[in-house]
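# Working through the structure, step by step
So the chains spell out like this:
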Amino acid sequence: MNEETTEKRGEVPLNEMSEKEDEPTFESLLDTLGHFGKHQRIIFSLLTLSDILHSMVLMFLIFSTVVPKWRCLEFEGLNVTAISAANEGLNVTGITAVNRGLNSTVLKVRNATNDTNAENFEKVCVFNGSKCIRFDFDDGYRGIVVEWDLVCDRKYIPSLTTSTTMFGLLIGAALAAQTSDLFGRRKVLLVVMSLMLLCQTLVVTSVNWQMFAVLRFFTGVFVAGSLALSFLIPMEFIGPKWRSFSGAFGVFDLGEATSALVAYLTQDWRYQALVSGSAPIPLVIAIIILVPESIRWQIQKRRFSEAAVGIKKMSRINRKPVPDLAMMERISRAQNHQKDKESRYTYIDLFRTRKLAITTLVVMFGWFSVSIIVYSLITSISSLSGNLYLNAAYASLPGLFLGWTVIPMANWIGRKGALVLYGSIPIVSMFGIVILQATGQIEDRAMAKTALAIIGKVGAGEMWTVILIITSEQYPTLMRAIGLGIGNVSARIAGIIAPQIWILCDFVHWTVPFIINGCLAITSVILILVLLPETRGRPMPEEVPPLSCPCRRQPTQRESNGYREAPSTGETAC
């Protein structure tokens with residue numbers, strides 16, 4: 001059979017096929033060096049452990065902004081101890097209780113004859129038209145609320161500082177990929193990780209909440225870059241067979257529990273900031289010494305001499321032979337050709353066709369929903385019944401064990417089945433809290449409310465992992481990175497909004513955030529079930545569909561020549 005006959009049948013000529021099959025990739029080097037040898041395990045272990053310090057830096061915002069029980073000690077122009085409250089039949093209905101929508105009839109005012117401190121004005125901001133100017137806070141963890149009296153007309157500030165940190169995460173995630181591609185993965189990682197710890201330590205020097213918020217913003221910028229690169233660098237050393245395991249394995253939840261322990265031991269936000277900013281320094285030193293630059297990046301940038309040093313070191317540690325280093329130039333050409341093709345696509349292209357637009361909108365809503373649920377429940381831990389530190393630990397530790405079940409479950413019952421399974425956890429728990437309130441049992445079962453909120457947070461975290469898997473399998477190879485990127489952007493925007501949801505407790509009802517979380521969870525599950533295909537067992541898409549308009553399908557060559565074919569099942573143009 002000659003080449004002309006081959007081309008007519010739509011097959012690839014043998015000489016072209018062999019050339020394509022022989023085109024080396026970085027995985028060709030790993031076939032010789034080992035896909036997950038000792039060298040890769042060291043890199044993976046160190047950068048996975050860095051999740052603990054990332055988690056401690058992020059969880060700091062929960063404890064630092066905790067609002068303890070408080071009462072007013074002095075009103076403007078009035079001395080509380082001089083307020084006449086000696087009569088046994090003191091009428092509390094005249095007290096104006098403005099804060100948090102409290103009904104004055106439930107305000108606890110103790111009789112002066114029974115309490116030497118006279119009135120106990122719990123959460124009272126205004127009394128007889130006079131504003132409270134001095135506050136008394138319960139003993140316990142000393143956060144910024146206690147430090148700067150962030151209650152009453154300043155009660156929005158704690159959630160504002162949390163949103164500021166989340167906004168920093170959004171900026172940092174966008175900058176990390178670009179800068180690491182220009183200057184190298186390792187260099188940028190070490191810079192952002194060091195600056196993250198520096199900013200976290202400098203938070204201790206804050207003299208007001210504005211300085212605190214600015215430093216937390218920059219901490220968020222650097223922690224986002226450190227998080228992204230700590231995940232990316234091991235993936236660029238590990239072979240494809242081990243990437244699923246590496247992606248699923250993480251100790252972020254262990255960092256949350258560690259943060260709760262540090263908060264319990266220090267009892268002060270300044271000490272906790274100092275510990276979370278300085279204690280991880282030995283780990284950073286180990287990363288500086290033992291984690292090399294990405295060989296894949298060096299080859300892409302044609303730094304062959306540096307890549308050769310890294311390859312020889314890997315072969316020595318893994319006790320494998322040194323591969324043919326002449327392959328690096330061909331690998332570089334292949335990588336840059338692939339990158340050139342990927343760079344042709346932007347976020348706008350994710351909306352070029354009807355199918356892509358639907359997929360992208362569903363993906364964005366899914367990431368947005370689970371991020372809202374996770375971050376809003378994390379920030380609510382301090383307001384739940386029970387011990388603050390135990391609640392934080394309970395909300396984190398189950399994820400260490402439940403996270404291992406996501407990938408096998410997604411392979412066993414499918415991506416959609418796993419989504420329904422894990423998505424039902426936050427749905428049931430959020431609406432369970434609302435049902436307890438509706439039946440009037442919430443006051444008697446405060447711990448049940450706490451347990452349901454914690455279970456919802458754990459389930460939403462695993463639901464997030466399933467949505468990540470679904471997202472990565474929806475887009476063709478050349479658009480997969482920007483597909484994941486737009487989902488990440490949606491999650492960061494949700495992280496900014498999440499702390500503000502709890503303000504609705506003051507203006508509407510305390511169950512509103514739980515209703516919002518439950519509705520978001522059930523809506524995202526339904527949209528993915530109805531509008532996205534099941535991808536279990538299917539090859540990941542490779543070809544990008546035609547992105548040009550008009551929207552009607554273009555006629556095939558046979559149709560143009562007067563023939564008519566069966567309706568195409570392929571993707572339409574728009």
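Rules used in this analysis
Residues numbered from 1 in each chain as written. Predicted model: local features only at pLDDT ≥ 70, side-chain atom pairs only at ≥ 80, totals over all residues. Heavy atoms only, no water. Buried < 20%, exposed > 50% of the residue type's maximum accessible area, 1.4 Å probe, protein only. Salt bridge = Lys/Arg side-chain N within 4 Å of Asp/Glu carboxyl O. Helix = DSSP H or I, 4+ residues; strand = E, 2+ residues; numbered from the N terminus. Core = buried A, V, L, I, M, F, W, Y, C linked by side-chain atoms within 4.5 Å. Contact = heavy atoms within 4.5 Å. Pairing = 2+ DSSP bridges. Polar contact = N/O pair within 3.5 Å; in protein donor to acceptor, adjacent residues only side chain to side chain. Phe/Tyr/Trp six-rings, centres within 6.5 Å; stacked < 30°, edge-to-face > 60°. Axes fitted to C-alpha atoms, helices over the stretch in contact; angles between N-to-C directions. Left-handed = near helix turned anticlockwise from the far one by under 90°. pLDDT = per-residue confidence, 0-100. Expected span 1.5 Å × (residues − 1). Bend = angle between axes of the 7 residues up to and from the residue. Parallel < 35°, antiparallel > 145°, perpendicular 65-115°, else oblique. Nonpolar A, V, L, I, M, F, W, Y, C, P; charged D, E, K, R; others polar.

## What about unusual backbone geometry?
Positive phi, normally seen in glycine, also occurs at Asp149, with a value near 50°. A positive phi angle, close to 60°, is found at Arg302, a residue other than glycine. You can call Arg302 partly exposed: its relative accessible area is 42%.

## Digging into the pattern of salt bridges
Enumeration according to the criterion identifies 13 salt bridges in this entry. Ionic pairing is found between Asp136 and Arg71, a salt bridge with its closest N-O pair at 2.8 Å. Highlighted residues: Asp136 in strand E5 (residues 130-137) and Arg71 in strand E1 (residues 70-75), separated in sequence by 65 residues. Across the pair Arg270 and Glu147 runs a salt bridge, and its minimum N-O distance is 2.9 Å. Here Arg270 is found in helix H11 (residues 269-278), whereas its partner Glu147 is found in helix H5 (residues 144-148), with 123 residues between them in sequence.

## Some remarks on the nonpolar core
Phe63, Ile287 and Ile299 are the most contacted members of the largest nonpolar core, which has 133 residues in total. Ignoring any residue separated from it by four or fewer positions in sequence, one finds Ile287 in contact with Leu46, Leu47, Ser50, Leu189, Leu190 and Met193.

## Describing the pairing of E5
Each regular strand carries side chains that alternate between the two faces of the sheet. Pairing of E1 with E5 involves five bridges; the strand directions are antiparallel. Its bridge partner lying in E5, Trp70 is registered against Phe137. Pairing between strand E4 (residues 126-127) and E5: two bridges, direction antiparallel. By the bridge assignment, Val126 is partnered in E5 with Lys131.

## Here we look at the side chain of Arg216
Note that Arg216 resides in helix H8 (residues 209-235). Side-chain polar atoms of Arg216 contact the side chain of Gln200, separated by 2.7 Å.

## Thoughts on the packing of aromatic side chains
The final tally for this structure, using the stated rule, is 15 aromatic pairs. With centroids separated by 5.9 Å and ring planes inclined at 70°, the aromatic side chains of Phe36 and Phe44 adopt a geometry described as edge-to-face. Like Phe44, Phe36 is buried. When the ring of Trp367 is compared with that of Trp464, the centres are 6.4 Å apart and the planes differ by 80°; the resulting orientation is edge-to-face. Here Trp367 is found in helix H16 (residues 354-379), whereas its partner Trp464 is found in helix H20 (residues 446-472), with 97 residues between them in sequence. The exposure classification of Trp367 matches that of Trp464, with both residues buried.

## Quick word on the packing of helix H6 (residues 157-183) against H8
At a closest axis distance of 6 Å, the pairing of H6 and H8 adopts a crossing angle of 35°. As H6 runs across H8, the sense of the crossing is right-handed.

## Focus on the confidence of the model for the chain
Where the model shows low pLDDT, its predicted coordinates should not be examined in detail. For the chain, the average pLDDT comes to 78, and 79% of its residues sit at 70 or higher. Looking across the chain, the model is least confident in helix H1 (residues 3-8), with a mean pLDDT of 37, and most confident in helix H7 (residues 185-202), with 93. Counting interchain partners and residues more than four positions distant, the pLDDT-below-50 stretch residues 1-21 has eight contacts. Segment residues 84-118 is flagged for pLDDT under 50; beyond a separation of four residues in sequence, or across chains, it makes 54 contacts in the model.

## Looking at helix H4 (residues 38-64)
Owing to its 3.6 residues per turn, the α-helix brings residues three or four apart onto one side. The first and last C-alpha atoms of H4 sit 40 Å apart over 27 residues, in line with the 39 Å expected at 1.5 Å per residue. Roughly 25° is the biggest bend found in H4, and it falls at Leu58. With 22 of its 27 residues buried, H4 lies for the most part within the structure.

## Concerning the packing of H4 against helix H10 (residues 252-266)
For any two helices packed against each other, the geometry is given by the interaxial angle and the distance between the axes. At a minimum axis distance of 7 Å, the contact between H4 and H10 shows a crossing angle of 50°. Here H10 runs oblique to H4, going by the angle between their axes. Pair H4 / H10 crosses with right-handed handedness. Where H4 approaches H10, its residues Asp51, Ile52, His54, Ser55, Met56, Leu58, Met59, Phe60 and Phe63 are matched on the opposing element by Phe252, Leu254, Gly255, Glu256, Thr258, Ser259, Ala260, Val262 and Ala263. Class assignment of the residues belonging to the contact of H4 with H10 gives a composition of eleven nonpolar, five polar and two charged.

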